Amino acid sequence: MPDQFISVIIPTFNGASRISHCIDALLHQSTTNSFEILIVDDGSTDDTAGVVQQFPRVRLLRQQNAGPATARNLGAREAKGEIVLFTDDDCVPVSDWIESMIAPFRDPKVVGAKGIYRSKQRELAARFVQIEYEDRYRLMAMLPSIDFIDTYSAAFRRDNFLAMNGYDTSFPVACAEDIELSYRMSARGWVMLFAPDAIVYHTHPNSFGKYLKKKYKFAFWRVLAVRKNPAKAVKDSHTPQIMKLQLLFPPALLAAVLTDAIRRSALFSPIVLGAFLLSTIPFAARAFRKDPVVGILAPFVLIARAFAQFSGVGVGLIRARQKPIEVVSVRPA
């Protein structure tokens, strides 16, 4: 593949304390391709702009606070590259990240690619999160193409990205807007690939409370993404099918407890709990091989995850009924 000009776009809001680590890693990339770095300041109230301006090679764009989707779209419109790469201001790409991200584009049919997270954290919750991601990467690596590109390590042909009018700006936070765009691209039959060598280091939640709060948030906003792309409710390339079944555990357990109370028995509750625990064994076993402590705790964390996600989906469905769908206009295919 001949050298191509690349644009790397990072949205940030009050990122003064972290953005320099990301920029420094990008300035030390080993790629032979020419590239630019665009930081889009989403109305920060700290010294983000001052920190960015210390790096002469970096283009700083500024907007009033409008959310990361709007910021990324602004960066893509202003970008000069044939391929646009996205990462987040709390990510630190490894030295060959750009080269690994653009490798899939040797195939002219490919319009998008997704990399991976790694973490150096030793907190138990963070170790669990990393193994959870790796379990999903294991599934994606088996697929010929994907339909799920997260913005922490994302690449698109700029023309295709702009043809879709970019990320859906009705998502006000950094959650599920990247999924929704991936779903729309997939609906057009466009090819997107998993790039497991494209690595960024990230700071995961360092407590299980923060982890469950994040799972609630993801589930809430995923409802909107799926509502706009209902075909993806059945299956996508990132979400294990067993996780969707585990979402039924909270209402099933509640129904079992009520039934047992009415019948003055203890029959159905143990059956439901036992069935859920059986569903956790494959993940727990894989986790145990990597980190025995995480593997032992996994069934209990997955129970808590199911309750957090079920709550997020439930509240998301209520919100969805109250708000009409905003459709993103796109250019004709």
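Residues numbered from 1 in each chain as written. Predicted model: local features only at pLDDT ≥ 70, side-chain atom pairs only at ≥ 80, totals over all residues. Heavy atoms only, no water.

Peer 1: Would you explain the pattern of salt bridges in this entry?
Peer 2: Opposite charge on two side chains makes pairing possible when the charged atoms of those side chains draw close. Applying the stated criterion across every chain yields a total of 17 salt bridges. One salt bridge in this structure joins Glu 78 and Arg 59, with 3.9 Å as the shortest N-O distance. On the criterion of sequence distance, the pair formed by Glu 78 in helix α3 (residues 68-78) and Arg 59 in strand β3 (residues 58-63) is long-range, its members being 19 residues apart. Notably, a salt bridge pairs Glu 134 with Lys 290, separated by 2.8 Å at the nearest N-O pair. Of the two residues, Glu 134 sits in helix α5 (residues 124-140) while Lys 290 sits in helix α11 (residues 268-290), which places them 156 residues apart along the sequence. By relative accessible area, Glu 134 is classed as partly exposed at 26%. Members of the salt-bridge network, linked through shared partners, are Glu 36, Arg 59 and Glu 78. (Salt bridge = Lys/Arg side-chain N within 4 Å of Asp/Glu carboxyl O. Helix = DSSP H or I, 4+ residues; strand = E, 2+ residues; numbered from the N terminus. Buried < 20%, exposed > 50% of the residue type's maximum accessible area, 1.4 Å probe, protein only.)

Peer 1: Help me out: how do you make sense of the environment of Ser 182 in this one?
Peer 2: On the secondary structure map, Ser 182 appears in helix α7 (residues 177-187). Ser 182 gets classed as buried once you look at its relative accessible area, which sits at 0%. In sequence terms Ser 182 and Gly 295 are 113 residues apart; their C-alpha atoms lie 31 Å from each other. If sequence neighbours within four positions are ignored, Ser 182 has contacts with Asp 147, Phe 148, Ile 149 and Met 192. At a separation of 2.9 Å, a polar atom in the side chain of Ser 182 contacts the main-chain carbonyl oxygen of Asp 178. (Contact = heavy atoms within 4.5 Å. Polar contact = N/O pair within 3.5 Å; in protein donor to acceptor, adjacent residues only side chain to side chain.)

Peer 1: Can you help me understand the side chain of Lys 114 in this one?
Peer 2: Summarising the element assignment, Lys 114 is placed in strand β6 (residues 110-118). For Lys 114, a relative accessible area of 0% translates into the label buried. Here Lys 114 is in contact with Tyr 137, Met 140, Ile 146, Phe 148, Ile 149, Asp 150, Tyr 152, Ser 153, Leu 193, Phe 194, Ala 195 and His 238, once residues within four sequence places are set aside.

Peer 1: Even after reading the chapter, I still don't get the packing of helix α10 (residues 249-263) against α11, so can you show me in this structure?
Peer 2: The packing of two helices is summarised by the inter-axis angle and the distance between the axes. For the pair α10 and α11, interaxial distance at closest approach is 7 Å and the crossing angle is 160°. On the basis of the axis angle, α10 is roughly antiparallel to α11. For the crossing formed where α10 meets α11, the hand is left-handed. Within the contact between the two elements, α10 uses Phe 249, Ala 252, Leu 253, Ala 256, Val 257, Thr 259, Asp 260 and Arg 263 and α11 uses Phe 268, Ser 269, Pro 270, Val 272, Leu 273 and Phe 276. (Axes fitted to C-alpha atoms, helices over the stretch in contact; angles between N-to-C directions. Parallel < 35°, antiparallel > 145°, perpendicular 65-115°, else oblique. Left-handed = near helix turned anticlockwise from the far one by under 90°.)

Peer 1: Help me out: how do you make sense of the sheet that holds strand β2 (residues 35-42) in this one?
Peer 2: What holds strands together in a sheet is hydrogen bonding between their backbones, with the strands either parallel or antiparallel. Judged by pairing direction, the sheet is mixed, and its eight strands sit side by side in the order β3-β2-β1-β4-β7-β6-β8-β5 without closing on themselves. The open sheet has two edge strands with one neighbour each: β3 and β5 (92-93). Inspection of the sheet shows strand β1 (residues 6-12) paired to strand β4 (residues 83-86) by four bridges, in the parallel sense. Residue pairing in the sheet places Ile 6 in a bridge with Ile 83 of β4. (Pairing = 2+ DSSP bridges.)

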